[in-house]
Amino acid sequence: MSSSTQPSSRGSSPPSGALPLRRSQFTYRNLSQMASYNTSCPLRVIAHIDLDCFYAQAEMVRLGVAEDQPLAVQQWQGLIAVNYPARAYGIGRMCTVTEAKKLCPNLITQHVATWREGEDKWAYRDDAAENIATDKVSLDPYRLESRRILATIKDHLPSHMQKVEKASIDEVFLDLSAHVHAVLLERFPEIARPPPSGDPSEPLPMPSVSALDWQADALVDLDDEHAEFDDPDWDDVAMLVASEIVRNVRAAIRDKLRYTCAAGIARNKLLSKLGSAHRKPNQQTVIRNRAVWHFLSGFKFTKFRNLGGKLGEQVSQIFNTESVEELLVVPIEQLKLKLGDDTGVWVHNTLRGIDMSEVSPRTQIKSMLSAKSFRPSINTVDQATRWLRIFVADIFARLVEEGVLENRRRPKTINLHHRHGVQTQGQTRSRSSPIPQGRSLDEETLFGLANTLLNQIIQDGHVWPCSNLSLSVGGFEDGISGNMGIASFLLRGEEAQALTDGPRTRAESKLKEQSQPPEKRRRIDDGGIQRFLTRKETPSPLDPIDALAEDNGAETSRVRETKLDSDAPSLPDEGPVLQANDETAIGGHLCARCGACLESSESLQSHQDWHFAKDLQEEEHGRLGFGNQASTTAASPHSGGRRSGPAAPKRPGRPKKTERGQQKLSFG
DNA sequence: TCTTCTGTGCTCACCAC
DNA sequence: GTGGTGAGC
Ligand SMILES: Nc1ncnc2c1ncn2[C@@H]1O[C@H](COP(=O)(O)OP(=O)(O)OP(=O)(O)O)[C@@H](O)[C@H]1O
């Protein structure tokens, strides 16, 4: 149990006993894997940043109230966010406004902004709570603040190393591996040189430091008895560098925007997220690899991502425990037997803190929804139509804020959801339609489409009473595809970033983990290879990347099959990934530049365009302070894409990905 | 304090068809 | 591609 992720094996197995000096457990290859964001790199460093009581802070900033002023954000009669000073009074999300005020008479309860019929903009209104029947909540102030915060975070990372995933309105993941790699090479010239033997599998020398100075607010989790006896190895140093970066990012957020946040730094998303929740507010937690087991063993596994719902419930029922420690003794065969192969392996890995999921460099939204619950229900077409106007105003304003009108990135579909009946029960129905792409998109067009959808729903009958309506638009991601001239590669900001990181992003989306209900049995199979080879989601420049990602089978199989190691601290990963045999076996089109195999000549062309754009970008940015040439390879598809494998254990049961994973297995 | 709790208002991902 | 569900913030 403990031993698998324990550093117990740390330092005990230098590959070559003949070396005179103590060597790192990591190799030169491991080090260079950082530069390419390889998900199985044992030196990978991921950060999770979570804003403290976000909506409450947003209101504090907007209103300019003192830091220690208790404040809660009100939505109708409930509280949706409570700041820490107010929590000290025992006020929580469950409280009603009245209860909360009783607990703390000094409490500010700020109602969220609302839309109101006849007004052309959302506004903060004193009488919002009494107008639940006519007002519609607007969460836009928080979305706008979220964007400023995201921009500040990005601004504090080197322009070509902004691997940032917006995980929710107030959370981001950062893959700091390449950034940390660059810093390491600068600070430790001895590892910037090539391996003396010329063999990348040679162990690195140990870091030339004997103790690491973890700053006061970087909270290092305690290790068990033996841990601190070992000198720091490169993974510890990498975490330390990352914690400095994160501390600086947090300082920028605080100094420029006046927001505080919690952060977790660890080797993957799973652990960094648990880390950020561990000490709040306004603190950061580092979970060094050697501390992983100790850190996890105290948890209930139901706190882990994807185990908080039905799957977690199922697991705790079957094994009669919610304790990580107790479940760790269950053999993988047993987990596979009871949960299915994929889910069993996924649970086994997750319990050990193993998570190879990618930080997807995505910060743009994919859909937008505007909704209203009716209490009491509404009963006429006229009422519904008037709500549609408000939804459209809301959505249109948000589209404008997104810059959708300027960009070519516009939604492709519009969807109306309807709930029939009273309260939260009742069946739901929805109708969607394409948004015409020829002409410019305006509010009236959207309203017309929404009305058409409403009429369709009405025609199907059983409409009234209606307890909920929502309008959404989606399909944004296709906007950047289309025909790809060179010009379309010369995008700024995030779109350019998306292109740059595309390979890895796409790789992730294939094999990464997904969330899924245990019940859905995944079929291993069938559509397998064909589907794998022919899949075409978006004809975008990202595609080549997909192709690049395809060849990670070997790694995938290795991981899935047990050894928790590649993501485990004790075993630096050797990646089997060097050969391109999978691709050639598939019979694709090879890129002369990086050896990637593309699905078609068209994909190859796009891929080559990508290289071109990437070159331009690098030229523009110039070389950053790398100690050597590593930066060239850092973001290039060859290293990153091919090697980086979604060795991720796939998530619980989901079939589609599972299929792909299975495919990969058959390849590997 | 903690998504062990409410309800509402979101966003994303997956699945069958 | 369309419509339904689940999970999380
Ligand atoms: N079920 C929900 N319904 C509506 N809004 C929610 C819900 N859960 C979370 N939110 C909103 O999303 C924001 C982020 O949620 P999160 O879970 O991170 O808690 P938080 O309020 O930021 O507090 P913490 O400091 O514990 O992170 C919150 O401020 C909150 O208002």
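Reading guide: rules and limits
Residue positions are given per chain, counting from 1 as you read along its sequence in written order. Each chain gets a letter, beginning with A, and each ligand a number, beginning with 1, in the order they are written. Note on the predicted model: pLDDT of at least 70 is required for a residue's local features to be given, and 80 or more for side-chain atom pairs to be given and counted; whole-chain, interface and lining totals, by contrast, use all residues. Heavy atoms throughout the structure, all of them, feed into the side-chain values; hydrogens and water do not. Throughout, the term near means that a residue has one or more heavy atoms lying within 4 Å of the molecule or strand in question. Counting of polar contacts relies on pairs of N or O atoms within 3.5 Å, with two restrictions inside protein: one atom must be capable of donating a hydrogen and the other of accepting it, and residues adjacent in sequence are counted only when both atoms are side-chain atoms. Strand pairing follows a simple DSSP-based rule, namely that at least 2 bridges must link the two strands. To qualify as a helix, a DSSP run of H or I must reach at least 4 residues; to qualify as a strand, a run of E must reach at least 2; elements of each kind are numbered from the N terminus. Here an angle of 0 to 180 degrees is reported between the N-to-C directions of two axes, which are lines fitted to C-alpha atoms, with helices fitted over the stretch in contact. Throughout, a contact is declared for two residues whenever any of their heavy atoms are within 4.5 Å.

As annotated in an unreviewed UniProt entry, chain A carries the name DNA polymerase eta and comes from Parathielavia appendiculata.

## With respect to the protein's contact with DNA strand C
Looking at DNA strand C, there are 14 residues lining it, with Ser168, Asp170, Glu171, Ser430 and Ser432 nearest. A share of 100% is what sugar and phosphate atoms reach among the atoms of DNA strand C within 4 Å of the protein. Taking Asn306, its main chain carries an N or O atom lying 3.2 Å from a phosphate oxygen of DNA strand C. Ser430 places a polar main-chain atom, nitrogen or oxygen, 2.9 Å from a phosphate oxygen of DNA strand C.

## Quick look at the sheet that holds strand S3 (residues 71–75)
Pairing is mixed across the open sheet formed by three strands, whose spatial order is S4-S3-S5. Strand pairing shows two members of the sheet lacking a second neighbour, strand S4 (78–82) and strand S5 (108–111), which therefore form its edges. On average, each strand axis in the sheet is tilted by 35 degrees relative to the strand beside it, whichever way the strands run. Here four bridges tie S3 to S5, and the two strands are oriented parallel to one another. Residue Leu71 lies in a different strand from S5, and its bridge partner there is Ile108. Its contacts with the sheet place helix H3 (residues 54–63) against S3, S4 and S5, and it is angled at close to 110 degrees to S3.

## As for the sheet that holds strand S17 (residues 466–474)
Spatial strand order, S14-S17-S15-S16: four strands in an open sheet with antiparallel pairing. Since the sheet does not close on itself, it has two edges, and those belong to strand S14 (367–378) and strand S16 (428–434), each with one partner. Neighbour-to-neighbour, the strand axes of this sheet turn through a mean angle of 10 degrees, independent of strand direction. Across the sheet, helix H16 (residues 381–401) touches S14, strand S15 (413–420) and S17, and the angle it forms with S14 is around 155 degrees.

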